[in-house]
Amino acid sequence: MPSRRKFLRNLAINWGGHIASLVVMFFLSPYVVGKLDAVSYGIWSLLTVLIGYMGIFDIGVRSSVGRHIALFLGKKDQTGVDETIRAGFAIFTLTGGLILLVGVVLGWCFPIFFRNVPAEYYDTVRLLLPFMAVNLWFSAVAAIYSNVLTAHDRFDVARSIDLCVLLIRTAATVYALYSGWALWGLAGALALANFSSLVFNRIGAGRIYPALRSFPLLFSRSRFKELFGYGFYAFISNVAFKVIGQSDLVIVGAFLSVASVREYSVGAMLIYYSAPFISMIGMTYFPSVQKKVAAQDFCEVKKLLNSQIRISLSFGLLVYLGLVFYAQPFIRLWMLQDGFDLHSVTMAASVMAVLALSKIPTLYLLPCINVLSAMGHVRFTAKRAVVEAVMNVVFSLLFVMLFNIGLVGVAAGTLTARLLISAVAVPYYLCRKLDTPLAGFVYGNLLPGAFAAVLFSLYCLLLQNLWPIEGWLSFWEHVGSAILFWCLILLTILLPHEDRTRLLKKVKKTVSIKDAV
């Protein structure tokens, strides 16, 4: 089994890259909100969602290529690695034209879907969507090269490239908005960043894997069947994931107002940016899980699963419960300005709190899905994702149209669907496939997490009642106090006994060395 130190190193590298993105988002988002009016910001959010939907036209190939690269490396099959990469490029070449065509059609249909968009934006949207569709192709190709890096456990190189791309996009965004280029400026900054990502990832992948070939494109029926066999269900899961994550904005824009998209987007923004911290845990573990599955070493697979869940709970509960209890003061301090008043703050904070609650079950669901995917049970994960996505839309529409709950109702649809569809079914199915008792899974992983969550929630409530937040200083003092209390919970409840013993030994050794000096 690869050392825990290796996983933690790769995880720290992944998190470091995303922390940089989070810092940029923290400072850049109020600037963007201030430079764009409510309608323009809402249109940009909807354009981003539509482009995200268009990403499903990779038909799951992007994730399938990454999975098969890791699989063939585990089998030491260099021919399989090479042909997988070239077949992936061949598929993206064929689908590139389809993506562009869909961008043109969506551009012309945009005013039909969102009738309250002012007419002066029609021509801009019709040109922007095809332009952004080309950016999507750049992103898909860059992802293949990035998969080569991560399959070789070179997360340091992959995240360094991401950091360079982030700096390019940030600088271009600030300059474009400062120059008054509005929506076109944002789209141009995105295009420059995606093209840079393509170039940098190609250079990095070529150095780590000198045998890398992109051409000639491989139009192989056997490789296509192999990629689509896994990729089709990954495609279904990807569609469902995008519905769950992005249909909310479409529902808000279509059934409430385009301007309301801004409040929902601000409330959901920190949720979207914090979610990758948890998904990166699975991304860090997945190559090793896939290799252990390929070697039929399921004892180690179970250990990797338990380790991944504990790490996810250790960090995820702190993040999501913190967002639940501190949504209102954070958004007030972060976004309150002319054009984003206290009512907007309240709406955005309510959305953030409900969506944060909906993310808590993913702390154990994502590790389970990760292992199921590595074992090839993508048909189940796809069916589960589709049902959850459909129910997400149904509940969101029900809460908005029948109960008239508004923005909070849209977010509540996501929470309700996840609790009813996935919260129990996924771990139950995985335990059957791993021949592991469900009771042992719950007792060993979920009960400690639930107990820790209750203690932390009570502490946050007590802290807020005794110590009002008046500015950024008191806010960060609250955060620091909450983190210290969580560290105590982590050491006493969530950290496995062997890890706690190992940590205490290191602390005692360090103290004894200092005393000796």
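Residues numbered from 1 in each chain as written. Predicted model: local features only at pLDDT ≥ 70, side-chain atom pairs only at ≥ 80, totals over all residues. Heavy atoms only, no water.

Structural notes on the overall build of the protein chain
The number of helices and strands found in the protein chain is 18 helices and zero strands. Scored against the burial criterion, the 517 residues of the protein chain give a buried share of 54%. Intrachain contacts of the protein chain at a sequence separation of at least 6 include 83% that bridge at least 24 residues. With an accessible surface of roughly 22800 Å², the protein chain has 68% of that area assigned to carbon and sulfur atoms. (Helix = DSSP H or I, 4+ residues; strand = E, 2+ residues; numbered from the N terminus. Buried < 20%, exposed > 50% of the residue type's maximum accessible area, 1.4 Å probe, protein only. Contact = heavy atoms within 4.5 Å. Areas by Shrake-Rupley, 256 points an atom, 1.4 Å probe, with all protein chains shown as cover.)

Quick look at a nonpolar patch on the surface
Among the surface-exposed residues, Val424, Tyr428, Leu438, Val442, Tyr443 and Leu447 lie close enough to one another that they form a single nonpolar patch of about 590 Å² accessible area. In terms of residues, the nonpolar patch owes the most to one element, helix α16 (residues 438-466), which gives four residues. With respect to the element layout, Tyr428 can be found in helix α15 (residues 425-434). A relative accessible area of 43% places Tyr428 in the partly exposed class. (Patch = residues over 30% accessible without salt bridge, like charges linked within 9 Å, V, L, I, M, F, W, Y side chains within 5 Å. Salt bridge = Lys/Arg side-chain N within 4 Å of Asp/Glu carboxyl O.)

What to know about the nonpolar core
Ile43, Leu47, Phe110, Tyr264 and Ile331 are the most contacted members of the largest nonpolar core, which totals 119 residues. Not counting chain neighbours up to four residues away, the residues in contact with Phe110 comprise Ile43, Leu46, Leu47, Leu50, Val117 and Val125. Ile69, Val148, Leu198 and Leu227 belong to the second-largest nonpolar core, a separate cluster that totals 34 residues. (Core = buried A, V, L, I, M, F, W, Y, C linked by side-chain atoms within 4.5 Å.)

Some points on the packing of helix α2 (residues 38-54) against helix α4 (residues 78-113)
At a minimum axis separation of 11 Å, α2 and α4 run at an interaxial angle of 145°. By crossing handedness, the relation of α2 to α4 is classed as right-handed. Contacts from Ile43, Leu46, Leu47, Leu50 and Met54 of α2 reach α4 at Ile99, Val102, Gly103, Leu106 and Phe110. Class assignment of the residues belonging to the contact of α2 with α4 gives a composition of nine nonpolar, one polar and no charged. (Axes fitted to C-alpha atoms, helices over the stretch in contact; angles between N-to-C directions. Left-handed = near helix turned anticlockwise from the far one by under 90°. Nonpolar A, V, L, I, M, F, W, Y, C, P; charged D, E, K, R; others polar.)

Focus: helix α3 (residues 61-74)
Between its first and last C-alpha atoms α3 spans 20 Å; for 14 residues at 1.5 Å apiece the expected length is 20 Å, and the two agree. Taking burial as the measure, the 14 residues of α3 include eleven buried ones, the bulk of the element. Listed as buried for α3 are Val61, Ser64, Val65, Gly66, Arg67, His68, Ile69, Ala70, Leu71, Phe72 and Leu73. (Expected span 1.5 Å × (residues − 1).)

Structural notes on the side chain of His478
Tracing the backbone shows His478 in helix α17 (residues 472-494). Of the polar contacts made by the side chain of His478, one reaches the side chain of Tyr326; its length is 3.0 Å. Sequence-distant contacts of His478, defined by excluding residues within four places in its chain, comprise Tyr326, Leu463, Gln464, Trp467, Pro468 and Ile469. (Polar contact = N/O pair within 3.5 Å; in protein donor to acceptor, adjacent residues only side chain to side chain.)

Brief notes about the packing of α2 against helix α7 (residues 182-208)
At a minimum axis separation of 10 Å, α2 and α7 run at an interaxial angle of 30°. Between α2 and α7, the angle is such that the two are roughly parallel. Seen along the crossing, α2 lies across α7 with a hand that is right-handed. Residues Ser40, Ile43 and Trp44 of α2 lie in contact with α7, whose contacting residues are Leu183, Leu186 and Ala187. For the contact of α2 with α7, a count of residues per class yields five nonpolar, one polar and no charged. (Parallel < 35°, antiparallel > 145°, perpendicular 65-115°, else oblique.)

Some words on unusual backbone geometry
Cis geometry marks the peptide bond from Phe215 to Pro216, where omega comes out at 0°. One non-glycine residue, Ala182, lies in the positive phi region at around 50°. The topology assignment puts Ala182 in helix α7. The class of Ala182 is partly exposed, set by a relative accessible area of 30%. The backbone of Asn404 sits at a positive phi, close to 55°, despite the residue not being glycine. You can see Asn404 is positioned in the loop between α13 (378-402) and α14 (407-421).

Read these as layout, nothing more, since geometry by itself doesn't imply function.
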